[in-house]
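# Structure at a glance
Read off the chains here:
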Amino acid sequence: MNVILRLLALAFLFVCALAHGETCKVVGIADGDTLTVRCDKKHQERVRLTEIDAPEMGQPFGKAAKTSLSGMCFRKNASLRRAGKDDYGRTLARVTCDGVDTSAEQVRRGYAWVYDRYVTDRSLYSLQRTAQREKRGLWAGSKKPVPPWEWRRKHKK
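As a starting point, this report considers the structure included with it. Quick caveat, the model's predicted, so the values are computed rather than measured.

## Considerations on helix α2 (residues 62-73)
The terminal C-alpha atoms of α2 lie 17 Å apart, and with twelve residues this matches the ideal 16 Å at 1.5 Å per residue to within 8%. Taken as a whole, α2 has its buried residues at Gly-62, Ala-65, Ser-68, Leu-69, Met-72 and Cys-73. For α2, the angular spread of the buried residues around the axis is 125°, confining them to a single face. Exposed and oriented more than 90 degrees from the buried face of α2 are Lys-63 and Thr-67. Each element contacted by the buried residues of α2 is listed here: β1 (22-31), β2 (34-38), β3 (44-49), β6 (91-97), β7 (100-101) and α3 (102-109). Looking one or two residues beyond α2, the residue adopting positive phi is Arg-75, at roughly 65°.

Shown next, in the form of structure tokens:
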């Protein structure tokens, strides 16, 4: 009976660890939706935030989006819920820094779009509508902002 209880306790801890994700240290910010983490002493990896797309560095608000993500995460511990790899070999993950869901917060602040192609968390749309209505971040200008996926298509070399 004692062995069964121990096995159940270990299984519970394992499931809890999976639900909360892996904890890593953020060591770099590339742009408004990509960061670099160190999850052990030697290994670093680039992580692309899931479900959002932030302005590219050459776009209006690209630097502001990077600054926003940096303020949330740089040199802090981050919890990663991995969702695979993208075509560039980056880890796809939902990332939480200091208890803040970075994908949701970037959208809330107006520094990212909900990425329609890949979104599963429908609550992000409400955050985006509020940011638009309150003219936060990229929604503050008088012009209609160009989504990054359209901008990339126009600027392919």
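There is more to say, and it comes next.
## Observations regarding the side chain of Asp-31
Its location among the elements puts Asp-31 in strand β1. There is no salt bridge for the buried Asp-31, and the closest opposite charge comes from Arg-90, which lies 5.4 Å off by N-O distance. Separated by 3.0 Å, the side chain of Asp-31 and the backbone nitrogen of Asp-33 make a polar contact. Within the structure, Asp-31 has its side chain in polar contact with the backbone nitrogen of Thr-34 (distance 2.9 Å).

## Quick word on the pattern of salt bridges
Throughout the structure, instances matching the rule amount to 14 salt bridges. Its salt-bridge partner being Arg-152, residue Glu-56 comes within 2.5 Å of it at the nearest N-O pair. Here Arg-152 lies in helix α5 (residues 148-154) and Glu-56 lies in the loop between β4 (52-53) and α2, a separation of 96 residues in the sequence. Taken together, the shared-partner salt bridges connect Asp-33, Arg-48, Asp-53, Glu-56 and Arg-152 into one network.

## What about the packing of α2 against α3?
Taken N-terminus to C-terminus, the directions of α2 and α3 make an angle of 135°; their axes are 11 Å apart at the nearest point. If you check the angle between α2 and α3, you find them oblique. Seen along the crossing, α2 lies across α3 with a hand that is right-handed. Packed against α2, whose contacting residues are Ala-65, Ser-68, Leu-69, Met-72 and Cys-73, the element α3 presents Thr-102, Glu-105, Gln-106 and Arg-109 at the interface. A per-class count over the contact of α2 with α3 returns four nonpolar, three polar and two charged.

## A few points about α3
For α3, the buried fraction is high: six of the eight residues fall into the buried class. Put simply, Asp-101 is the residue that caps the front of α3, since its side-chain oxygen is 3.1 Å from the backbone nitrogen of Ser-103. Backbone geometry just downstream of α3 places Gly-110 in the positive-phi region, at approximately 85°.

Definitions and limits used
Residues numbered from 1 in each chain as written. Predicted model: local features only at pLDDT ≥ 70, side-chain atom pairs only at ≥ 80, totals over all residues. Heavy atoms only, no water. Helix = DSSP H or I, 4+ residues; strand = E, 2+ residues; numbered from the N terminus. Expected span 1.5 Å × (residues − 1). Buried < 20%, exposed > 50% of the residue type's maximum accessible area, 1.4 Å probe, protein only. Arc of directions from axis to C-beta. Contact = heavy atoms within 4.5 Å. Lys, Arg positive; Asp, Glu negative; His and termini not counted. Salt bridge = Lys/Arg side-chain N within 4 Å of Asp/Glu carboxyl O. Polar contact = N/O pair within 3.5 Å; in protein donor to acceptor, adjacent residues only side chain to side chain. Axes fitted to C-alpha atoms, helices over the stretch in contact; angles between N-to-C directions. Parallel < 35°, antiparallel > 145°, perpendicular 65-115°, else oblique. Left-handed = near helix turned anticlockwise from the far one by under 90°. Nonpolar A, V, L, I, M, F, W, Y, C, P; charged D, E, K, R; others polar.

These figures capture arrangement, not role.
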